[in-house]
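Spelled out from the first residue to the last, the chains are:
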Amino acid sequence: MCVCVCTHRLSAHWLYQLTRILEIENLWSPPAMAMQISSVTYMKALPLILILALTITRVKCADPDPLQDFCVADTTSNFFLNGFPCLNPSTVVASHFKTSALGVPGNTKANPFGFNVTLTSAKNLPGFNTQGIAIARTDFAKGGLVPPHVHPRASEIVFVVKGELLVGFVDTSNKLFTQILRAGDVFVFPRAQLHFLFNVGKRTALTISGLNSQSPGAQIVPLAAFGSKPEVPPAVLEKAFQISSEEVEKIRKNLIGG
């Protein structure tokens, strides 16, 4: 199941500083092996502890670790969960951990951008459930583009099988990082950063990507902005993109038809 698990860690340096402050304020005196603290002293120290903890806490969010050897997804279950329930381990077979889905070329004519993504899922690879990983095949037509998009729950590492691609991502300071990739090259897109892949070669291209979540999510900027249901109000798009109402309608028609 995919959930965000947040753990809080205090560094050794800050733990040391915290104990020094408490000692100085006579709120805590460490005995040889244990700490004894009265309820009155504890209540006096608690605000300071909370303030320091909130200030120096680091938060780490990712798919949770499995609590058993595996949790093969039961895709027939009627339970609505954040992920998938497990099959009884006694019913699991080796084929649950294998898929041939990525061996089939995708239809790059299915969208106006000229690309197709085939992603592992609980349907085609039930054994990957709770493992915190996914793998994707992306096919590019000549001139095909994976438009600017984000994966809110995963970092991505892309391997070029064939072709020549211009790839890049934009960080939160709006700095662009780009590279030309060829067969055998690898590139990393940091988690949740806006990125794109563009086939600039003379032939079709193919990539294989690894993502560190079984449900990385994907939000393609032009489709999210101009193809949402219900629609984003035209006035918002006109102001945000500095375009006219006629241009909003034209873009919507080009992207989603109608």
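Quick look at the structure, then.

Here is what the cut-offs are and how they apply
Residues numbered from 1 in each chain as written. Predicted model: local features only at pLDDT ≥ 70, side-chain atom pairs only at ≥ 80, totals over all residues. Heavy atoms only, no water. Pairing = 2+ DSSP bridges. Helix = DSSP H or I, 4+ residues; strand = E, 2+ residues; numbered from the N terminus. Axes fitted to C-alpha atoms, helices over the stretch in contact; angles between N-to-C directions. Core = buried A, V, L, I, M, F, W, Y, C linked by side-chain atoms within 4.5 Å. Buried < 20%, exposed > 50% of the residue type's maximum accessible area, 1.4 Å probe, protein only. Disulfide = S-S within 2.5 Å. Contact = heavy atoms within 4.5 Å. Salt bridge = Lys/Arg side-chain N within 4 Å of Asp/Glu carboxyl O. Polar contact = N/O pair within 3.5 Å; in protein donor to acceptor, adjacent residues only side chain to side chain.

A few points about the sheet that holds strand β6 (residues 156-162)
Thinking step 1. On the basis of which strands lie adjacent, the open sheet formed by five strands has the order β3-β4-β11-β6-β9 and antiparallel pairing. A strand with exactly one partner marks an edge of an open sheet, and here the two such strands are β3 (115-119) and β9 (186-189). Put simply, the sheet's adjacent strands are angled 25° from each other on average, direction ignored.
Thinking step 2. Across five bridges, the pairing between β3 and strand β4 (residues 134-140) is antiparallel. Bridging across to β4, Val117 finds its partner in Thr138.

As for the nonpolar core
Soluble globular proteins tend to bury their nonpolar side chains together.
Thinking step 1. By size, the foremost hydrophobic cluster in this structure holds 21 residues, and its most contacted members are Phe140, Val167, Phe187, Phe189, Leu197 and Phe226.
Thinking step 2. Every element with two or more residues in this core is listed here: β6, β7 (164-170), β9, α3 (221-226) and α5 (245-256).
Thinking step 3. A per-element tally of this core places β7 first, with three residues.
Thinking step 4. Among the nonpolar cores identified, the runner-up in size contains eight residues, and Ala122, Leu125, Phe128 and Ala136 belong to it.

Here we look at the sheet that holds strand β5 (residues 145-150)
Thinking step 1. Spatial strand order, β8-β7-β10-β5-β12: five strands in an open sheet with antiparallel pairing. The open sheet terminates on both sides in strands that have one partner only, identified here as β8 (176-182) and β12 (219-220).
Thinking step 2. When β5 meets β12, the two strands line up antiparallel, connected through two bridges. Bridge pairing links His149 to Ile220 in β12.

Some words on unusual backbone geometry
Thinking step 1. With an omega of -5°, the peptide bond running from Lys229 to Pro230 counts as cis.
Thinking step 2. Tracing the chain through its elements places Pro230 in the loop between α3 and α4 (234-241).
Thinking step 3. Phi angles above zero are rare outside glycine, and Thr130 is one such case at about 70°.
Thinking step 4. Its location among the elements puts Thr130 in the loop between β3 and β4.
Thinking step 5. With phi around 65°, Ala192 is a residue other than glycine that occupies positive phi space.
Thinking step 6. Tracing the sequence through the fold places Ala192 in the loop between β9 and β10 (194-199).

Things to note about the state of the cysteines
Thinking step 1. Inspection of every chain in the model, using the stated rule, returns one disulfide.
Thinking step 2. The partner cysteine of Cys71 in its disulfide is Cys86, sulfur to sulfur 1.8 Å. Here the S-S torsion is close to -100°, and the disulfide linking Cys71 with Cys86 is therefore left-handed. Within this pair, whereas Cys71 is found in the loop between β2 (58-60) and β3, its partner Cys86 is found in the loop between β2 and β3, the two being separated by 15 residues in sequence.
Thinking step 3. A relative accessible area of 4% places Cys71 in the buried class.
Thinking step 4. Residue class for Cys86 comes out partly exposed when judged on its relative accessible area of 33%.

Examining the side chain of His96
Thinking step 1. Among the secondary structure elements, His96 is positioned in the loop between β2 and β3.
Thinking step 2. Relative accessible area serves as the criterion here: at 17%, His96 is assigned to the buried category.
Thinking step 3. Sequence-distant contacts of His96, defined by excluding residues within four places in its chain, comprise Val72, Leu87, Thr91, Leu125, Pro126 and Gly127.

Let's talk about the pattern of salt bridges
Thinking step 1. Applying the stated criterion across every chain yields a total of four salt bridges.
Thinking step 2. As a salt-bridge pair, Asp139 and Arg137 come within 2.9 Å of each other at their nearest N and O atoms. In this pair, the class of Asp139 matches that of Arg137, namely buried.
Thinking step 3. Here Glu164 makes a salt bridge to Arg182, at a shortest N to O gap of 3.1 Å. Residue Glu164 is found in strand β7, and its partner Arg182 is found in strand β8; the two are separated by 18 residues along the sequence.

So, the environment of Ser245
Thinking step 1. With respect to the helices, strands and loops of the structure, Ser245 is situated in helix α5.
Thinking step 2. Expressed as a C-alpha distance, the spacing of Ser245 and Pro234, which sit 11 residues apart in the sequence, is 6.5 Å.
Thinking step 3. Polar side-chain contacts of Ser245 include one of 3.3 Å to the side chain of Glu246.

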